[in-house]
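# Secondary and tertiary structure notes
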Amino acid sequence: MTAPTSANTAVSVAAPASTTAPASTAVGAFAALREQLTDAAAAFAEGPDALADILTGIVDDVDRALGERLEIFPVCHHSPASALAMVRRLRQKQPRVIYLELCEDLQPVLTELRNCRLPVAVQAFASELDGFPAAWAPLSVIAPVTEASAEYQAIAYALETPGVELVLVDRSTDHVFQWSPRAESPGPEESPPDGADEQAALHGDAVGVEIGDLRPRFAELEAYLLHHGKVRHWSEWWDSYVERPLAAADHDTYRQVMVLIGSLFRRLRPAESERTDRDEDRERYMWTRIRQHLAATGADPADCMYVCGAFHAASRVEQFGLDSPAPDFDITERTATKWQYGLIPSSHSAIEAQFGLAPGSVSIAAATWNKAVSASGVQPYRLGGQRGATGRKGRGKPVPAPAAAVTDRLSGFLAAPPVLDGLDEAELRSWCVDIVRLARRNGYLASTADAIAVFETSILLAGLRNRARPTPYDFADAAVTCIEKDVVPGRRDVRRLCEILLGGDRIGQVGYDALPPLARDVLHRLEPLGLDLEKRTVQRALLDLQGNPELAGCSDLLWMLRHLLPPGAVRPIMGERRLGHRSIQESWDLALGRHQRALIELGYEGVTIEQVLEQRLRRAAHGPGATIVSALTAVEDAITLLNSPRLVEELGARAVELLAGERTVDEAPEVLRRIRRLLAHHQATAPKLPAWCEAFVTTGYAHYCTLLPTAFVDGDTGVRQVGAMLGFLFSLESLALSLGCDRSQLELALAQSHPQAPAKVALGWAAHHQLGMLPLAQLRERCRELLANPLVVPAFPQYLSGFVHALEPVPGLAPFVVETMSTAFARLPDPVLLPWLPNLITALRQHGPELVPLLVREAGRTFPGTLAALDTWVPPWSDTAPAATPGTSRRPVGQVHGLLADHREPVEALAALLGVEGDWRSPDQGVPDSGAAALVRAHPGTAEALARVLGLP
């Protein structure tokens, strides 16, 4: 795994004495170099000290690694120089066994690389954990593979050459997490920067494992190298001072230099770090596996090769070497976690983001590799049948191997001046012309003058950095300086355009044959759409389900994929799927090729998409964080997506269980909304309600009645939640009573409720009114008293908020709420009204946005629709009677009116019950004429006939 540079700058550079290899005698191939370094340390430090130990120690490490009977081949990840050296050595040595530093349980997946287009990443994935903290799920480990890497060349050679065995010897993916600290969840040690594009996020939150992490883990050393190397980041330093000098080096020089660098970085890392312990355990693990394999197969170490990172090649653990007398490392057993293995797409930017490399460094490495292969004539190894592979397969013609004796190549390499590559004007000129062309296509006002400026600036920057030939990094800096100026017109800046020019962010793809069964099944079932879903472009699919019923299966599958995959993978443009509704025409934007990783990871969870969806729904309802809402949501998804009555019944029973065990009512509004929708669906589609629905209603009725008194006085429970509880009790009351519930539970719960907050007080009044315990006239009188009390007027918006929430359980109160609000606006003076008007608006917006439309509709029915009618309009709740218009006739009061006037008590009681207010008229006043009276006088025949039937005079 790649680790960032250590931030601890206060540690000693001396290696611990317990881990330092014993100094060799001043004999052998490196005796002269050792003496030179000792003299240099004494001259600079004025005497032997820790510096001499370090300088002579790295020579001892080189001598030890090269003297081992098993050939150790040190590499650096995604290094073209390492890949070139690997190809040359493989053609020279033709080894029969290759030990590779890679998780040993990933080996069965490597054969599928021939069905892919690089770069891809080998992945191990586990969603169901056993032996690890549940908070870590899901676990994912990836190992990216690019063509310009030594590990890919070794893999291709081993898989394409008959009789060659490839053995992965690094710890398993299970041990990766076994050795992780339990204090924090493992994850990528380098996270993508903010705003990273989707290519940079292809690896997700997987833990990255790579061969040959070679970077100083001592902050002061890296800062020193960057400063004196006149570069901005580590990738540029490595390319300038290691990659290019080693590109044409022979095998012995390459090995000695790489082990030297690995030993230096190893000895200058902070002492006693947890990272050091893990790395040393990995080395013990790998040497133990190598010994076990050699003992089991009897292979000759002379025909074997051990490919590992240069950092591990300079190992000083006691198990190092085949002749070490130390016992084998005690390897613990794997946990019971079930791991799934496969390949996922990768990209250059994803590798850079995963391992903390500079943007564009992997693309530059790929371009350097292609150029070096063409210039050197080396024939790289490629897997047969791989997309884009044109290389030759097989063992190739062996090249005579060099002599086995170790000779000192370090002294000459370190003492020789750097080889100055001449300026390739044609290459630099083509870069400058192409970058200007790309810049103009992306909105920059670039011209030929800018191309000339980039050319001259590249040469100038290379000279300032002591380089005779501009590197791609020099060119990119010059382009940014000369073209970008101060603004970026488009989504791609000049540095990104330079990356595209120098090789681009190559994105890999996993072939159909290498996909898991689920992914292949999905692509097969979507074939009737007639689209090439392996492409990375967004494609539009049109489904006429009425004209082509055979596409119904594709529609069902797309809705399930929309539920399981990221939002951009499957996006509906037209059509919807909800309870009781299916569209007859649908339109989809599909980007499955772009989200291939997510589709592959679904294949690790099951064989079919239906199985994975069913597992996800069960996990949502039965998981440790499951709630009533998540269970009801799973029920709804099971109905709309799977149409499985068995699963619906199981998830519904789980929802009832969660409701019975709930101790808060925070989710009451969402619970009410979802259960209403589910009940309406079942009542419309089934002859009777399912058993779980009946149990949910009866359990919820008793449960909310029990929690209602506490919720009214609890300060942490909002008025919205209490209103939803009352809405459940009142709207489902008839169904609950038919199922055996007792209404006295609700009456007792309201009698025991004594709210203090104004909004909850108003909500309690509305509940009492719904039960007939508070007449409307008395409720109206209480509101008038509130408006008449100056101390309560500032809090009156809170009462209105409570009445608005009361529309959920008591929708019949809508006219009263409109009346109360209108009365407040009419009676309160402006100095009182204006201060609490913002509070009223804020309260309504915050607590009842979905209920305000009810008030608006009621107000539309109550108030006149024209401005002219508003002048003569009298509110229906007003005590003022309209004045009689001229010509209005009055008729004498009949016997019924006289009887009621003489016995007023029943009428007054009925009016009080109905909340009607009015005054009595004396019999001599009569009653105002109406349109009905005029109609009866105009046509008296009907009234006279009715009077004769009733026996009235």
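What you see is a predicted model, and the numbers here were worked out from it, not measured in a lab.

Conventions used here
Residues numbered from 1 in each chain as written. Predicted model: local features only at pLDDT ≥ 70, side-chain atom pairs only at ≥ 80, totals over all residues. Heavy atoms only, no water. Patch = residues over 30% accessible without salt bridge, like charges linked within 9 Å, V, L, I, M, F, W, Y side chains within 5 Å. Areas by Shrake-Rupley, 256 points an atom, 1.4 Å probe, with all protein chains shown as cover. Salt bridge = Lys/Arg side-chain N within 4 Å of Asp/Glu carboxyl O. Helix = DSSP H or I, 4+ residues; strand = E, 2+ residues; numbered from the N terminus. Buried < 20%, exposed > 50% of the residue type's maximum accessible area, 1.4 Å probe, protein only. pLDDT = per-residue confidence, 0-100. Contact = heavy atoms within 4.5 Å. Expected span 1.5 Å × (residues − 1). Phe/Tyr/Trp six-rings, centres within 6.5 Å; stacked < 30°, edge-to-face > 60°. Lys NZ or Arg CZ within 6 Å of the ring centre and 35° of its normal.

## Some thoughts on a nonpolar patch on the surface
On the surface, Leu910, Leu913, Leu914 and Val916 cluster together to form a nonpolar patch covering roughly 430 Å² of accessible area. Checked against the element boundaries, Leu914 lands in helix H37 (residues 905-914). Using a relative accessible area of 54% as the deciding quantity, one classes Leu914 as exposed.

## Focus: the confidence of the model for the protein
Put simply, the protein has an average pLDDT of 79, and 81% of its residues get 70 or more. Between residues 1-27, whose pLDDT stays under 50, and residues either more than four places distant or in other chains, the model counts 64 contacts. Considering only residues more than four positions removed or in separate chains, one finds that residues 881-893, a stretch of pLDDT under 50, has 16 contacts.

## Observations regarding helix H15 (residues 448-464)
For H15, with 17 residues, the first-to-last C-alpha span of 24 Å sits near the 24 Å given by 1.5 Å per residue. Those residues of H15 not exposed but buried are Asp450, Ala451, Val454, Phe455, Thr457, Ser458, Leu461 and Ala462. In this fold, the buried residues of H15 make contact with helix H14 (425-441) and helix H16 (472-484). Following H15 by one or two positions, Asn466 has its phi on the positive side, about 60 degrees.

## Some remarks on the pattern of salt bridges
This model, assessed by the stated rule, comprises 37 salt bridges. In this structure, the salt-bridge partner of Arg284 is Glu318, at a minimum N-O distance of 3.1 Å. With Arg284 in helix H9 (residues 274-297) and Glu318 in the loop between helix H10 (310-313) and strand E9 (340-345), this pair connects stretches of sequence that are 34 residues apart. In this structure Glu318 comes out as partly exposed when scored by relative accessible area, which is 43%. Across the pair Glu614 and Arg618 runs a salt bridge whose closest N-O atoms are separated by 2.6 Å. Taken together, the residues span about one helical turn, with Glu614 and Arg618 both in helix H21 (residues 609-622) at a distance of 4 residues. A network of salt bridges, in which partner residues are shared, links Glu636, Glu670, Arg673, Arg674 and Arg677.

## With respect to unusual backbone geometry
In this structure, the amide linkage connecting Leu118 to the following residue, Pro119, adopts the cis form with an omega of 5 degrees. Considering the arrangement of structural elements, one finds Pro119 in the loop between strand E3 (116-117) and strand E4 (120-126). At His78, a position not held by glycine, the phi torsion is positive, near 50 degrees. Summarising the element assignment, His78 is placed in the loop between strand E1 (71-75) and helix H3 (80-93). Although it is not a glycine, Asn643 adopts a positive phi angle of roughly 50 degrees. Checked against the element boundaries, Asn643 lands in the loop between helix H22 (628-642) and helix H23 (645-660).

## Some details on the packing of aromatic side chains
Scanning the entire structure with this criterion turns up 19 aromatic pairs. Arranged with centres 6.1 Å apart and planes meeting at 25 degrees, the rings of Trp765 and Tyr799 form a pair that is stacked. With a gap of 34 residues between them, Trp765 in helix H29 (residues 758-770) and Tyr799 in helix H31 (residues 796-805) connect regions that are remote in the sequence. A relative accessible area of 16% means that Trp765 is categorised as buried. Residue Tyr799 is classed as buried on the basis of its relative accessible area, which comes to 12%. Through successive ring pairs, a cluster of aromatic residues spans Trp765, Phe796, Tyr799, Phe803 and Phe816. We note Arg91 situated over the ring of Tyr381; from NZ or CZ to the ring centre the distance is 4.1 Å.

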